[in-house]
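Listed below, chain by chain, are the residues.
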Amino acid sequence: MTKGRDLKPHIGIFGRRNHGKSSFINVLVGQDVSIVSDIPGTTTDPVKKSIEIFGIGPSIVIDTAGIDDHGDLGEKRIQKTTEVLELIDCAVLLIAGNLWGDKEREIIQQFKALDIPFIIVHNKKDQVPLREDTREAIFQETGANIVDFSTREPENLEEIVELLKKNIPENAYQEITLFGDLLQPDDMVVMVMPIDNEAPDGRLILPQVMALRDALDHHCISVVLQESELPAFFKNYNLHPKLVITDSQAFEKVNAVTPDGVALTSFSILFARLKGDFERFLQGTPKISHLNDGDKILIMESCSHHVHCDDIGRFKIPNWLTRFTGKQLSFEIVSSFQAPTLPIQEYALLIQCGGCMITRKQLLSRLKPAITHGVSISNYGMAIAYMHGIFDKATRIFRS
């Protein structure tokens, strides 16, 4: 499960089976969007629901299976629930009947490990109200206040909404822009889009589409062409674009014909800034010059796609790295959300794709283990620019 292009705040609902998660979602959104049953385990796989929450706005609420599920199938359901943590902006943990134990402690530890803000709701207060000793014990453990609530008599729903508004990070609401802060209305941006083996038939890839839309939204003048037409553009037209954006694989050709006074970058680097830890990418990329024989390189893709001989992550980057460093390196490529086969600290360098199909939250969650263990990180576009000797030029516009 990925956020994909859902750029609205994501709220995950967690708790034991039959603690009223689905009923809670129905009350929260004001309509019956989740199946409600007295049978524990009715909700199996996580289910995303795009809704409007009064006072918050367009949001995605994710209904999850019980954290106390059991058996082989139950373990798989819990695993699916755990995967949701990598994409949510805020969590709601439901408890009921004053029950608080290891299951709740474990999920809260996971919230904290991934820096996920959370609130705790004691549900079904019409059946068993929250005791003060329970409230105090949970506060001592978590530092979180608890809302005593009933989906049958939701008179204090506004209190929960206010807590959600307070805890959802501001960047979950922020307008998403690739370069709106870099360009002014009427600035010209040239987008170089090679039509090669990796280009899909009859359409553009998502980063290109998003860049075009971003330019339109900010009233910029866009010129779209292939790298083969770029020399004619600069030769035949007396124009001076503010920025040239290229597919990273064409960096060398595009750089050769782009005038020195024109800023140059790639779609991948734009996405590194939009979704990744840009400063750590900047710091980690020069590690390429300090790799040694036997070093292990982890290359992380964020989507599943057809693999061919021109694949940038699986073939081109490993070949460029081997040629640039002159070292005997080993490479591991993981796609989507596969886990690396080795402990993260055994890799000398992690190179992440642009992440166009996932969210900033997901991408940062993927990078966090490497950052925690001091592993250098880079991005496809930055690594390619570095190996072609234009790293400073390709990132200058973001550092000026």
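**Considering the nonpolar core**
Thinking step 1. With 72 residues, the main nonpolar core has Phe179, Ile317 and Leu321 as its most contacted residues.
Thinking step 2. Per element, the largest residue contribution to this core is 7 residues, and it comes from helix 13 (residues 380-387).
Thinking step 3. Setting aside chain neighbours within four positions, we find isoleucine 317 in contact with Ile299, Ile312, Ile351, Tyr380, Ile384 and Met387.
Thinking step 4. Of all hydrophobic cores here, the second largest spans 23 residues; its members include Val27, Ile51, Leu94 and Phe149.

**Digging into the packing of helix 9 (residues 267-275) against helix 12 (residues 360-372)**
Thinking step 1. Relative to each other, helix 9 and helix 12 sit at 90°, their axes nearing to 9 Å. When the interaxial angle is binned, helix 9 and helix 12 end up roughly perpendicular. Where helix 9 approaches helix 12, its residues Arg273, Leu274 and Lys275 are matched on the opposing element by Arg360, Leu363 and Leu364.
Thinking step 2. When its residues are assigned to classes, the contact of helix 9 with helix 12 shows 3 nonpolar, no polar and 3 charged.

**Observations regarding the side chain of aspartate 68**
Thinking step 1. Within the element layout of this structure, aspartate 68 appears in the loop between strand 3 (57-63) and helix 2 (71-84).
Thinking step 2. Within the structure, aspartate 68 has its side chain in polar contact with the backbone nitrogen of arginine 17 (distance 2.8 Å).
Thinking step 3. Beyond its immediate sequence surroundings of up to four residues, aspartate 68 is in contact with Arg16, Arg17 and Lys103.

**Comments concerning the sheet that holds strand 3**
Thinking step 1. Within the open sheet, the 6 strands sit side by side as 2-3-1-4-5-6. Their pairing is mixed. The open sheet is flanked by strand 2 (47-53) and strand 6 (146-148), the only strands paired with a single partner. The sheet shows a mean angle of 25° between the axes of neighbouring strands, direction not considered.
Thinking step 2. Both strand 4 (residues 90-96) and strand 5 (residues 118-123) contribute to a ladder of 6 bridges, which runs parallel.

**Some remarks on the environment of serine 376**
Thinking step 1. Here serine 376 lies in strand 14 (residues 376-379).
Thinking step 2. Every residue in contact with serine 376, bar those within four places of it in the chain, is listed here: Gly284, Lys287, Ala348, Leu349 and Leu350.

**Structural notes on the confidence of the model for the protein chain**
Thinking step 1. When pLDDT is averaged across the protein chain, the result is 86; 87% of the residues are at 70 or more.
Thinking step 2. A low-confidence stretch, residues 305-309 stays under pLDDT 50, and its non-local contacts, those more than four residues away or across chains, total 8 contacts.

**Focus: helix 12**
Thinking step 1. Compared with an ideal rise of 1.5 Å per residue, which puts 13 residues at 18 Å, helix 12 spans 17 Å between its outermost C-alpha atoms and is within 8% of the ideal.
Thinking step 2. At arginine 366, helix 12 shows its maximal kink, close to 30°; a proline, proline 369, follows between one and four residues later.
Thinking step 3. Of all the residues in helix 12, the buried ones are Lys361, Gln362, Leu363, Ser365, Arg366, Leu367 and Ala370.
Thinking step 4. Of the residues flanking the end of helix 12, it is glycine 374, one or two places downstream, whose phi is positive at about 75°.

**Some remarks on the pattern of salt bridges**
When the charged atoms of two side chains with opposite charge come close together, those side chains can pair.
Thinking step 1. Across all of its chains, the model carries 15 salt bridges by this definition.
Thinking step 2. Ionic pairing is found between aspartate 126 and arginine 152, a salt bridge with its closest N-O pair at 3.9 Å. Taken together, the residues aspartate 126 in the loop between strand 5 and helix 4 (132-142) and arginine 152 in the loop between strand 6 and helix 5 (157-167) connect sequence positions 26 residues apart.
Thinking step 3. Taking the shortest distance from any N to any O, the salt bridge between glutamate 301 and arginine 314 comes out at 3.1 Å.

**What to know about the packing of aromatic side chains**
Thinking step 1. Applying the stated criterion to the full structure yields 8 aromatic pairs.
Thinking step 2. Arranged with centres 5.4 Å apart and planes meeting at 75°, the rings of phenylalanine 278 and phenylalanine 398 form a pair that is edge-to-face. With phenylalanine 278 in helix 10 (residues 278-284) and phenylalanine 398 in helix 14 (residues 391-399), this pair connects stretches of sequence that are 120 residues apart.
Thinking step 3. Exposure remark for phenylalanine 398: the relative accessible area of 15% places this residue in the buried category.
Thinking step 4. Three or more aromatic residues joined by ring pairs form one cluster here, namely Phe14, Phe111 and Phe118.

**Describing unusual backbone geometry**
Thinking step 1. Phi is positive for asparagine 18, which is not a glycine, with a value near 65°.
Thinking step 2. As for its position among the elements, asparagine 18 is in the loop between strand 1 (10-15) and helix 1 (21-29).
Thinking step 3. By relative accessible area, which is 32% here, asparagine 18 ends up partly exposed.

Each value, and the rule that gives it
- Residues numbered from 1 in each chain as written.
- Predicted model: local features only at pLDDT ≥ 70, side-chain atom pairs only at ≥ 80, totals over all residues.
- Heavy atoms only, no water.
- Core = buried A, V, L, I, M, F, W, Y, C linked by side-chain atoms within 4.5 Å.
- Buried < 20%, exposed > 50% of the residue type's maximum accessible area, 1.4 Å probe, protein only.
- Helix = DSSP H or I, 4+ residues; strand = E, 2+ residues; numbered from the N terminus.
- Contact = heavy atoms within 4.5 Å.
- Axes fitted to C-alpha atoms, helices over the stretch in contact; angles between N-to-C directions.
- Parallel < 35°, antiparallel > 145°, perpendicular 65-115°, else oblique.
- Nonpolar A, V, L, I, M, F, W, Y, C, P; charged D, E, K, R; others polar.
- Polar contact = N/O pair within 3.5 Å; in protein donor to acceptor, adjacent residues only side chain to side chain.
- Pairing = 2+ DSSP bridges.
- pLDDT = per-residue confidence, 0-100.
- Expected span 1.5 Å × (residues − 1).
- Bend = angle between axes of the 7 residues up to and from the residue.
- Salt bridge = Lys/Arg side-chain N within 4 Å of Asp/Glu carboxyl O.
- Phe/Tyr/Trp six-rings, centres within 6.5 Å; stacked < 30°, edge-to-face > 60°.

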